[in-house]
Amino acid sequence: MRSNKAGASGFIYEIVKNRYLYLLALPGMLFLLIFAYTPMLGHLLAFQNYRLSDGLFGSEWVGFKNFEFFFGNKDWLRVTWNTVFLNGLFLVFGIGTAVLLAVLLNEITNKWFKKTVQSFVFLPYFISWLVVSMMVQTVFSSSEGMLNQALTALGFQGVDWYLTPGVWPYILTFVYVWKMAGYNSIIFLASITGISSEYYECAKIEGASRMQQIIYITLPLLRPVIMIMTLLGIGRIFYGDFGMIYALVGDVGVLYPTTDVIDTFAYRALRQMGNFSMSSAIIVYQSSMGLITVILFNWLARRIDSDSRLF
Amino acid sequence: MRERLFLYFVYVLLIGFALICFIPFWIVLINSFADEANIQTSGYQLFPTSFSLNAYSFLLSGKQVFRSYGVTLFVTIVGTTLGVIITASYAYVLSHPKVKYRHVLSFLTFFTMLFGAGLVGFYMLIANWLHLKDSIWALILPYLLNPFYAFILVSYFRSLPYELNEAATVDGANDMYIFFRIIWPVSLPVIATVALFYALQYWNDWYLSLLFIDNYRLHPLQIMIRQLISNLNAMSYVGGSQTDYNIMIPTFGMQLAIVCITIGPIVFVYPFVQKYFIKGMTLGSVKG
């Protein structure tokens with residue numbers, strides 16, 4: 001009892017003592033409370049038959065019925081697979097290309113050339129996915145696109161890319177790498193610059209070629225950074241990039257079989273079908289899978305190499 | 001000799017990378033000046049054979065592009081200003097050794113990065129509880145504090161010498177004064193970096209307007225791009241005064257022109273701000 005009281009007055013004492021600091025933090029705390037924590041109540045809708053007129057606390061509770069419906073249909077498998085598969089492709093090719101780019105840039109001693117190339121490859125990071133989608137259309141549009149022009153010029157038949165779902169995972173991967181490789185290469189380049197030059201000098205004396213130096217010095221020393229980036233990516237493997245997929249694919253239903261991810265699926269359930277509870281069930285499923293994955297892989301990383309863990 | 005060959009190979013690969021990144025920008029820019037009939041008959045060209053300002057004159061003769069520019073500018077300026085002030089002062093408190101509950105606050109902030117609220121709760125909050133549908137604040141408020149940027153700032157504030165703080169405390173200054181008058185000025189490069197990240201996010205965002213804005217008067221530039229790509233009745237949306245039906249409406253041209261108008265400011269300031277982003281990236285990779 002007494003310790004409780006001491007605890008409470010300790011709390012008040014702390015707040016009063018550092019009142020100016022807590023006042024500084026107040027807008028941020030209010031923001032988190034309102035925009036990050038309050039919306040978590042939305043997860044409750046997954047267990048309700050939510051109706052706008054009845055509100056959050058007036059709607060009928062239905063237990064796991066929404067989940068039964070969601071898992072009773074093959075869609076959940078399709079969107080989960082698409083999400084994981086696309087993110088896997090993005091992760092492997094994204095990091096691979098970024099590492100390659102950083103290693104190549106590091107070989108260049110001409111400062112001007114290095115800077116110019118870096119400016120060009122970093123540029124796509126700065127534009128929105130909607131702008132990217134316009135650029136994708138200039139290439140893949142079936143009648144005006146440049147790819148089909150090239151194909152017909154070479155004597156092939158043009159392809160209706162927007163009607164061919166099979167190629168889209170690869171188109172999306174290419175576009176993702178195009179937009180993000182320059183940005184991601186910065187971290188790798190920074191860690192390469194941090195590698196002690198003694199290693200390379202030793203290697204040179206031993207007669208190692210540039211290629212051998214890359215394979216036996218640069219890449220092994222980059223391993224921890226690559227591990228962290230991979231872990232960050234795996235931690236988010238159940239979160240599709242809504243901004244990207246919806247900008248590039250939008251409502252082209254033909255492409256759903258290979259491009260529909262959990263996020264776009266939940267969006268359509270909410271905005272086009274107006275089914276709040278269904279959409280919420282999808283998101284509860286996604287958030288739980290996401291949380292489990294992060295904790296699991298962080299635990300794994302800690303076991304393999306305690307420097308690679310995220311928290 | 002083999003080393004030389006290797007180096008040439010590196011140069012060729014990098015030039016290839018740079019070209020692939022640049023060409024889509026070039027296509028969009030150069031074809032926005034192409035004649036509409038030209039695009040319709042022979043598609044997008046690397047070097048169009050015709051030149052026309054039709055797309056721009058159609059676009060700029062209407063009201064929508066100016067409205068959208070205004071919306072985007074307002075959202076970017078107000079959002080960035082508020083966001084930076086809120087994030088920096090919050091991060092300062094998280095980094096301050098005097099604050100007993102800083103670890104609790106850090107955890108509560110970090111947790112939101114692991115477990116999100118998701119679309120439904122977020123949508124209900126903005127639309128049903130705060131009644132911000134079709135309000136410009138729906139485009140500003142949700143992004144004011146990004147935990148990732150906050151932690152970049154936390155790790156920077158921690159690296160500052162504590163004596164900065166103590167000297168001022170002895171002089172009787174309160175913590176708010178110390179933050180804005182002493183810490184803020186010495187942290188300006190990092191704060192500028194975070195500001196640029198916020199500005200870029202606000203300028204490029206279309207998620208919030210897709211969810212919450214139906215009124216065309218509040219459409220930001222990004223949504224205007226989307227409308228022009230998907231809207232069949234582009235002319236009435238753009239709001240031009242032409243009623244001459246003999247003139248071909250430059251549908252393709254206007255799509256490209258609005259893209260150029262939208263990314264213009266970014267590409268223009270890009271050479272000057274690039275280094276700040278690189279700095280922010282390398283700072284962010286320092287584990288905090």
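Bear in mind the structure is a predicted one, so any value in this text is a computation, not a measurement.

(A) Structural context of the packing of helix α5 (residues 75-107) of chain A against helix α11 (residues 210-235) of chain A. Residues and elements named next belong to chain A. In contact at an axis separation of 10 Å, α5 and α11 are set at 140 degrees when each is read in the N-to-C sense. In the packing of α5 onto α11, the handedness of the crossing is right-handed. Of α11, the residues touching α5 (which contributes Leu91, Ile95, Val99, Val103 and Glu107) are Arg210, Ile214, Thr218, Leu219, Leu222, Ile226, Met229, Thr230, Gly233 and Ile234. Its residues assigned to classes, the contact of α5 with α11 comprises 10 nonpolar, three polar and two charged.

(B) Local environment of the packing of aromatic side chains. The tally for this structure, following the rule as stated, stands at 56 aromatic pairs over all chains. Relative to Phe276(A), the ring of Tyr50(A) lies with its centre 5.4 Å away and its plane at 40 degrees, an arrangement referred to as tilted. Placement of Tyr50(A) in the loop between β1 (48-49) and α3 (55-58) and of Phe276(A) in helix α15 (residues 276-304) is noted, with a sequence separation of 226 residues between them. With relative accessibility at 11%, the residue Tyr50(A) sits in the buried group. Using a relative accessible area of 13% as the deciding quantity, one classes Phe276(A) as buried. An aromatic cluster is defined as three or more aromatic residues linked by ring pairs; in this entry it consists of Phe122(A), Tyr125(A), Phe126(A), Tyr183(A), Phe148(B), Tyr149(B), Phe197(B), Tyr198(B), Tyr270(B) and Phe277(B). Over the ring of Trp129(A) we find Lys179(A); its NZ or CZ atom is 4.8 Å from the centre of that ring. Taking NZ or CZ as reference, Arg268(A) lies 3.9 Å from the ring centre of Tyr256(A), over its face.

(C) Region of the structure containing the interface of chain A and chain B. The partner chain B presents 93 residues to the 93 residues of chain A that form the contact. Across the chain A/chain B interface, buried area totals approximately 8500 Å², and carbon plus sulfur atoms make up 79% of it. Counting across the chain A and chain B interface gives zero salt bridges. Examining the composition of the side of chain A that touches chain B, we find that 15 residues originate from one element, helix α2 (residues 19-37) of chain A, more than from any other.

(D) Expanded view of the UniProt feature "domain: ABC transmembrane type-1" (unreviewed entry) in chain A. The sites that UniProt annotates as "domain: ABC transmembrane type-1" (unreviewed entry) are residues 80-297 of chain A. Secondary structure across residues 80-297 of chain A divides into 75% helix and 0% strand, with the first and last C-alpha atoms of the span separated by 19 Å.

(E) Inspection of the side chain of His43(A) at higher detail. Turning to its location among the elements, His43(A) is positioned in the loop between α2 and β1. Engagement of the side chain of His43(A) in a polar contact is seen with the backbone oxygen of Gly116(B), the distance being 3.2 Å.

(F) Looking closely at unusual backbone geometry. All names here are of chain B. Within the chain, His131 stands out as a residue other than glycine whose phi angle is a positive 50 degrees. Relative to the helices and strands, His131 resides in the loop between α6 (118-129) and α7 (147-159). Backbone geometry at Asp134 places phi at a positive 55 degrees, although glycine is not the residue there. Within the secondary structure layout, Asp134 lies in the loop between α6 and α7.

(G) Just the environment of Thr152(A), in detail. All names here are of chain A. Looking at the secondary structure, you find Thr152 in helix α8 (residues 146-153). The partly exposed category is assigned to Thr152, whose relative accessible area is 48%. A polar contact is formed between the side chain of Thr152 and the backbone oxygen of Gln149, at a distance of 3.0 Å.

(H) Quick peek at a nonpolar patch on the surface. Where nonpolar side chains cluster on the molecular surface, the patch consists of Leu23(A), Leu26(A), Leu30(A), Leu33(A), Ile34(A), Leu41(A), Leu44(A), Trp61(A), Trp129(B) and Leu130(B) and spans about 840 Å² of accessible area. For the nonpolar patch, the leading source of residues is α2(A), giving five residues. In this structure, Ile34(A) sits in helix α2. Judged by its relative accessible area of 32%, Ile34(A) is partly exposed.

(I) Inspection of the UniProt feature "transmembrane region" (unreviewed entry) in chain A at higher detail. All names here are of chain A. Under the UniProt annotation, the feature "transmembrane region" (unreviewed entry) is placed at residues 20-40, 84-105, 117-140, 167-193, 214-239 and 282-301. Between the C-alpha atoms that bound residues 20-40 there is a distance of 30 Å. The span itself is 86% helix and 0% strand. This span, residues 282-301, is 100% helix and 0% strand, and a straight line between its end C-alpha atoms measures 28 Å.

(J) Layout of helix α14 (residues 262-271) of chain A. The buried fraction of α14(A) is high, at nine of 10 residues. Of the residues making up α14(A), those classed as buried are Ile262(A), Asp263(A), Thr264(A), Phe265(A), Ala266(A), Tyr267(A), Arg268(A), Ala269(A) and Leu270(A).

(K) Spotlight on the confidence of the model for chain B. All names here are of chain B. Scored by pLDDT, chain B comes out at a mean of 89, with 95% of its residues at no less than 70. Averaged over each element, pLDDT in chain B is lowest for helix α13 (residues 234-238) (76) and highest for helix α4 (residues 64-95) (96). Among the scores for the predicted complex, ipTM is 0.90 and pTM is 0.91.

(L) Structural detail: the UniProt feature "transmembrane region" (unreviewed entry) in chain B. Residues and elements named next belong to chain B. Mapped onto this numbering, the UniProt entry annotates "transmembrane region" (unreviewed entry) at residues 6-30, 71-93, 105-130, 136-157, 178-200 and 252-273. In residues 71-93, the share of helix is 100% and the share of strand is 0%. The end C-alpha atoms are 33 Å apart. Overall, residues 136-157 shows 50% helix and 0% strand. The separation of its end C-alpha atoms is 33 Å.

(M) Spotlight on the packing of helix α5 (residues 102-114) of chain B against α7(B). Residues and elements named next belong to chain B. Where α5 meets α7, the axes come as close as 9 Å, and the angle between the chain directions of the two elements is 140 degrees. For the element pair α5 / α7, the angle class is oblique. Judged by the twist between their axes, the crossing of α5 over α7 is left-handed. When α5 is examined against α7, the residues Ser106, Thr109, Phe110, Thr112 and Met113 are found in contact with a partner set consisting of Pro147, Phe148 and Phe151.

(N) Spotlight on the environment of Ile249(B). Residue and element names in this part refer to chain B. Mapped onto the fold, Ile249 is located in the loop between α13 and α14 (251-284). Sequence separation between Ile249 and Ser95 is 154 residues, and the spatial gap between their C-alpha atoms is 57 Å. Among residues more than four places away in sequence, those in contact with Ile249 are Glu36, Phe58, Met235 and Met254.

(O) Structural context of empty space enclosed by the protein. Residues and elements named next belong to chain B. Counted by the stated rule, this structure contains four cavities of 30 Å³ or more. The computed volume of the largest cavity comes to approximately 60 Å³. Every residue lining the largest cavity is listed: Thr72, Val75, Leu139, Tyr202, Asp205, Ser209 and Pro220. Considering only residue class, the lining of the largest cavity consists of four nonpolar, two polar and one charged.

Parameters at a glance
- All chains use their own residue numbering, which begins from 1 and follows the written sequence.
- Starting at A for chains and at 1 for ligands, labels are handed out in the order in which the entities are written.
- Local features are withheld for residues below a pLDDT of 70 in this predicted model, meaning they are given only at 70 or higher, and side-chain atom pairs are given and counted only at 80 or more; totals for whole chains, interfaces and linings count all residues.
- With hydrogens and water stripped out, all remaining heavy atoms of the structure feed into the side-chain values.
- Convention adopted: a line fitted to C-alpha atoms gives each axis, helices being fitted over their contacting stretch, and angles between N-to-C directions are expressed from 0 to 180 degrees.
- A run of DSSP states H or I qualifies as a helix once it reaches four residues; a run of E qualifies as a strand once it reaches two. Both are numbered from the N-terminal end.
- Note: crossing handedness is left-handed where the near helix turns anticlockwise from the far helix by less than a right angle, and right-handed where it turns clockwise.
- Only heavy atoms enter the contact rule, under which two residues are in contact if any of them lie within 4.5 Å.
- Residues are grouped as follows: Ala, Val, Leu, Ile, Met, Phe, Trp, Tyr, Cys and Pro are nonpolar; Asp, Glu, Lys and Arg are charged; all remaining types, including Gly, are polar.
- Note on aromatic contacts: the rings of Phe and Tyr and the six-membered ring of Trp form a pair at centre separations within 6.5 Å, being stacked when their planes are under 30 degrees apart, edge-to-face when over 60 apart, and tilted otherwise.
- Burial classes: relative accessible area under 20% of the type maximum marks a residue as buried, over 50% as exposed, and values in between as partly exposed (1.4 Å probe, protein chains only).
- Whether a charge sits over a ring comes down to the Lys NZ or Arg CZ being within 6 Å of the ring centre and within 35 degrees of the ring normal.
- Defined in terms of a 1.4 Å probe, buried area is the accessible area two parts forfeit on being brought together, summed over both.
- By salt bridge we mean one thing: a side-chain nitrogen of Lys or Arg within 4 Å of a carboxyl oxygen of Asp or Glu.
- UniProt positions are given in the numbering used here, feature names are shortened, and annotations may be inferred rather than shown by experiment.
- Polar contact criterion, stated in full: a pair of N or O atoms within 3.5 Å, where within protein one must be able to donate a hydrogen and the other to accept it, and residues adjacent in sequence count only if both atoms are side-chain atoms.
- Patches in this entry comprise residues that are over 30% relatively accessible and not in a salt bridge; like charges within 9 Å are linked, as are nonpolar side chains (Val, Leu, Ile, Met, Phe, Trp, Tyr) within 5 Å.
- Using a 1.4 Å probe, accessible areas were evaluated by the Shrake-Rupley method; residue-level cover was limited to the displayed protein chains.
- On a range of 0 to 100, pLDDT expresses the predictor's confidence in each residue.
- The cut-offs work like this: below 35 degrees is roughly parallel, past 145 is roughly antiparallel, 65 to 115 is roughly perpendicular, and the gaps in between are oblique.
- Buriedness of a pocket was judged along seven lines, with at least five required to meet protein on both sides within 12 Å; pockets are open sets of points on a 1 Å grid over the protein atoms alone, cavities are sets where a 1.4 Å probe fits but cannot get out, and lining residues have an atom within 4 Å of a point.
- Grid points are joined across faces, edges and corners, and a volume is the space filled by probe spheres set on the points.

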